[in-house]
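# Descriptive analysis of the structure
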Amino acid sequence: MLRGRAGRGREARAGDGPPGDAGEPGGSGLPEGADPLDPAQERRVRAVLALGGVPQADLPDGVQQVRLRLLERAASGREAPRDVSAWAAVVASNLAMDWHRAKRRQERLGERLAALRQLEHPSGEDTSVLSVAVAQGLDELPDAQRQVVVLRFYADLPVRSIAEQLGVPEGTVKSRLHTAVRALRARLHEDEVV
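Counting restarts for each chain, with residues numbered from 1 along the sequence as it is written. For a predicted model such as this one, the threshold for reporting local features is a pLDDT of at least 70, and the threshold for listing and counting side-chain atom pairs is 80 or more; totals across whole chains, interfaces and linings nevertheless cover every residue. By convention in this description, side-chain values take in all heavy atoms of the structure and omit both hydrogens and water.

### Structural notes on the overall build of the protein
- The numbering of helices and of strands both runs from the N terminus, where a helix is a DSSP run of H or I of at least 4 residues and a strand a run of E of at least 2. Helix and strand counts for the protein stand at 8 helices and 0 strands.
- For the protein, the α and β elements follow one another from N to C terminus as α-α-α-α-α-α-α-α.
- Across the 194 residues in the protein, those meeting the buried criterion constitute 30%.
- Note on definitions: a residue-residue contact is assigned when non-hydrogen atoms from the two residues lie within 4.5 Å. The long-range fraction of contacts in the protein, counting pairs at least 24 apart against all pairs at least 6 apart in sequence, stands at 68%.
- Computed by Shrake-Rupley with a 1.4 Å probe, the accessible areas treat only the displayed protein chains as cover when residues are assessed. Accessible surface for the protein amounts to roughly 12,100 Å². Of this, 53% is attributable to carbon and sulfur atoms. Accessibility here uses a 1.4 Å probe with only protein chains present; expressed as a share of the type maximum, an area under 20% marks a residue as buried, one over 50% as exposed, and anything in between as partly exposed.

### Thoughts on the environment of P81
- Tracing the backbone through its elements, the reader meets P81 in the loop between α3 (59-75) and α4 (84-118).
- For the pair formed by P81 and L70, sequence separation is 11 residues and the distance between their alpha carbons is 8.7 Å.

### A few points about the confidence of the model for the protein
- The pLDDT score gives, residue by residue, the confidence of the prediction method on a 0 to 100 scale. Confidence in the prediction of the protein, expressed as mean pLDDT, is 75, and 71% of residues score 70 or more.
- Across the protein, the element-wise mean pLDDT spans from 37 in helix α1 (residues 8-15) up to 91 in α3.
- For residues 4-28, every residue scores under 50 in pLDDT, and the model assigns this stretch 59 contacts once sequence neighbours within four places are set aside.

### Overview of the side chain of Q145
- By the element assignment, Q145 lies in helix α6 (residues 143-154).
- Residues contacting Q145, with those up to four places away along its chain left out, are R176, T179 and A180.

### So, the pattern of salt bridges
- For this analysis, a salt bridge means a side-chain nitrogen from Lys or Arg found within 4 Å of a carboxyl oxygen belonging to Asp or Glu. Scanning all chains against the criterion turns up 8 salt bridges.
- Residues E42 and R46 are paired through a salt bridge, measuring 3.7 Å at the closest nitrogen-oxygen approach. Remark: R46 and E42 occur in helix α2 (residues 39-51); sequence separation between them is 4 residues, near one turn of the helix.
- Judged by relative accessible area, E42 falls into the partly exposed class, the value being 22%.

### Details of a nonpolar patch on the surface
- A cluster of nonpolar side chains, namely V150, F153 and Y154, defines an oily patch on the protein surface of about 310 Å² accessible area.
- Structurally, V150 is set in helix α6. Without a salt bridge and with relative accessible area above 30%, a residue can belong to a patch; like charges are then joined within 9 Å and nonpolar side chains (Val, Leu, Ile, Met, Phe, Trp, Tyr) within 5 Å.

### Quick notes on the packing of α6 against helix α8 (residues 170-190)
- In this analysis, axes come from line fits to C-alpha atoms, helices being fitted only over the stretch in contact, and the angle between any two N-to-C directions falls in the range 0 to 180 degrees. Where α6 meets α8, the closest approach of the two axes is 9 Å, and the angle between their N-to-C directions is 95°. Taken together, the axes of α6 and α8 are roughly perpendicular relative to one another. Judged by residue contacts, A144, Q145, V148, V149, R152 and F153 of α6 engage V173, R176, L177, T179, A180, V181 and L184 from α8. Working definition: roughly parallel below 35 degrees, roughly antiparallel above 145 degrees, roughly perpendicular at 65 to 115 degrees, and oblique for all remaining angles.

### Thoughts on the packing of helix α7 (residues 159-166) against α8
- Running from N to C, α7 and α8 point in directions that differ by 110°, and their axes come no closer than 8 Å. Classified by the angle between their axes, α7 and α8 sit roughly perpendicular to one another. Regarding α7 and α8, the two cross each other, and that crossing is right-handed. Two secondary-structure elements touch here, α7 through V159, R160, I162 and A163 and α8 through E170, V173, K174 and L177.
- Here the contact of α7 with α8 is composed, by residue class, of 5 nonpolar, no polar and 3 charged. Handedness of a helix crossing follows the sense of rotation of the near helix relative to the far helix, less than a right angle counterclockwise being left-handed and clockwise being right-handed. Each residue receives one of three labels: charged for Asp, Glu, Lys and Arg, nonpolar for Ala, Val, Leu, Ile, Met, Phe, Trp, Tyr, Cys and Pro, and polar for the others, Gly being one of them.

### Things to note about α7
- Along α7, the positions that sit buried rather than exposed are V159, I162 and A163. In a view along the axis of α7, the buried residues occupy a sector of 100°, so they form one face of it. Exposed positions of α7 whose direction lies more than 90 degrees from the buried face are R160, E164 and Q165.
- Lining the buried residues of α7 we find α6 and α8.
- With its phi angle positive at about 70°, G167 sits one or two positions after the end of α7. Summarising the geometry, the arc corresponds to the directions from the helix axis toward the C-beta atoms.

So this is what it looks like as structure tokens:
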């Protein structure tokens, strides 16, 4: 569950600086295979995660994410954080915030799905006809249009996120959505479904 990113700006402020000394865990002198967090640092990371609201069951994953970030930083050749303990605490805090964001998204999705299930239709047949018509309409859309419709309306991603993930301008996403929705609406009217 704890797979979010630590804010780069925050990470840079907390961790950039001259390399740690050879005796400091996570410093440039860390032997291969050694744990980049000493026991005190690990306890601090766990505390920050727990105080940030991460459930007890997810704490080990959070600690591993902090370790992984420290190892990735060293492997990329970047300088070790000046204060590994402070850097790890900031990363842990960012992970806790990411956990809450993911939890809220999951809760909203669950609420929407529950609301969809509760919608009353005159008959189950009407729902089936509409579902089949929409599925057929999606199949007829060009790939790029179908992709943005699915990401926007089924995955519930905002336009900005879709644009970032696809590497296209927001205007392109909006244009594809507009064209796709217009085509789907025309298809449903043509088939006299709506």
